[in-house]
Amino acid sequence: MYPIIRMGKAILSSRGKTMDILEPLSTFHRAWPWDIDPWKDLNNGRIVTLFDLGRIALAQRTGLNASLMRNRWGIVVAGNTTRYRKRITMMQAFEMRTRCVGWDARFFYMEQAMWRGEECCNHILIRGAITSKAGIVAPQRVVEDMGHQAASPELPAWVQAWAAADHTRPWPPEMPPSR
């Protein structure tokens, strides 16, 4: 089940607070009993869902949500990769750090991580696109519509390598037939 109440909290707690698209954002969360899997960890699927909340707060504070509504644009995740390194168990509090690392001609690239103190528990790289009825909207156009004049910083080498590697993946996937 999607965490609707948490999503509402992310939106409401971000209202009236503004920040630049390239600034990092920290939000604070807790692993509730319904987030836990049979192995007593924060469920890997729930982790990806909770990362949505950090991006929702970032979108609210940077003016992206207003821009989406004003232009009748949508937003989609176009790819991601996640690393899981340390457990988060029931009732543990954690900090989620979210930032936009930059954009290219088609996509925004965001990274997020969950931290317990100085220990990073997991990390995700997300490629997202803004869409209209005509297709993908150029990220620079979106950024300017949000009132930011900055050009994207150069994407880190590891982000560029990930995007290049993902571009070589066959689509549709070459999978054997099911039995």
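Going by the structure above, here's the rest.
How each quantity is defined
- Residues numbered from 1 in each chain as written.
- Predicted model: local features only at pLDDT ≥ 70, side-chain atom pairs only at ≥ 80, totals over all residues.
- Heavy atoms only, no water.
- Helix = DSSP H or I, 4+ residues; strand = E, 2+ residues; numbered from the N terminus.
- Rg over C-alpha atoms; globule rule 2.2 N^0.38 Å.
- Buried < 20%, exposed > 50% of the residue type's maximum accessible area, 1.4 Å probe, protein only.
- Patch = residues over 30% accessible without salt bridge, like charges linked within 9 Å, V, L, I, M, F, W, Y side chains within 5 Å.
- Areas by Shrake-Rupley, 256 points an atom, 1.4 Å probe, with all protein chains shown as cover.
- Salt bridge = Lys/Arg side-chain N within 4 Å of Asp/Glu carboxyl O.
- Pairing = 2+ DSSP bridges.
- Expected span 1.5 Å × (residues − 1).
- Arc of directions from axis to C-beta.
- Contact = heavy atoms within 4.5 Å.
- Polar contact = N/O pair within 3.5 Å; in protein donor to acceptor, adjacent residues only side chain to side chain.
- Core = buried A, V, L, I, M, F, W, Y, C linked by side-chain atoms within 4.5 Å.

If you tally the helices and strands in the chain, you get five helices and six strands. Secondary structure elements in the chain, listed N-terminal to C-terminal, are α-β-α-α-β-β-β-β-β-α-α. Taking 16 Å as the expected radius of gyration for a compact globule of 179 residues, we find that the chain reaches 17 Å, a close match to that expectation. Oriented by its inertia axes, the alpha-carbon framework of the chain measures out at about 50 × 45 × 30 Å. Among the 179 residues that make up the chain, the fraction classed as buried is 39%.

Judged by side-chain polarity, Trp32, Trp34, Met90 and Met91 come together as a nonpolar surface patch covering roughly 450 Å² of accessible area. Within the fold, Trp32 resides in the loop between β1 (25–30) and α2 (44–62).

Moving on to the pairing of strand β5 (residues 119–132). In the sheet, strand β2 (residues 74–84) pairs with β5 via ten bridges, with the strands oriented antiparallel. Across the sheet, Arg83 pairs through a bridge with His123, a residue of β5. In this sheet, β5 lies alongside strand β4 (residues 108–116) in antiparallel orientation, the contact comprising nine bridges. Note on β5: the bridge partner recorded for Trp115 is Cys120. Between the end of β4 and the start of β5, which pair antiparallel, lie two residues, with Gly117 showing a positive phi angle near 65 degrees. Turn length for the β5-strand β6 (residues 135–137) hairpin, with the two strands adjacent in sequence and antiparallel, is two residues.

Bringing helix α5 (residues 157–168) into the picture now. Over its twelve residues, α5 runs 17 Å from end to end, which matches the ideal 16 Å to within 8%, given 1.5 Å per residue. If you check which residues of α5 are buried, you get Val159, Trp162 and Ala163. Projected onto a plane normal to the axis of α5, the buried residues spread over an arc of 95 degrees and lie on a single side. Opposite the buried face of α5, at more than 90 degrees from it, the exposed residues are Ala157 and Thr168. Its buried side turned inward, α5 meets β2, β3 (93–103), β4 and β5.

Here we come to α2. Over its 19 residues, α2 runs 28 Å from end to end, which matches the ideal 27 Å to within 8%, given 1.5 Å per residue. Taking burial as the measure, the 19 residues of α2 include 14 buried ones, the bulk of the element. Regarding α2, its N-cap is Asn43, as a side-chain oxygen of that residue lies 2.7 Å from the backbone nitrogen of Gly45 further along.

Now for the nonpolar core. The biggest cluster of nonpolar side chains holds 29 residues, and the ones touching the most others in it are Leu42, Phe108, Met114, Ile130 and Val142. Only α2, α3 (64–71), β3, β4, β5 and α4 (139–145) provide two or more residues apiece to this core. Tallying contributions element by element places α2 first for this core, with six residues. In contact with Met114, not counting residues within four places along its chain, are Leu42, Ile47, Leu50, Phe51, Ile88, Phe94, Glu95, Met96, Glu119, Cys120, Cys121 and Asn122.

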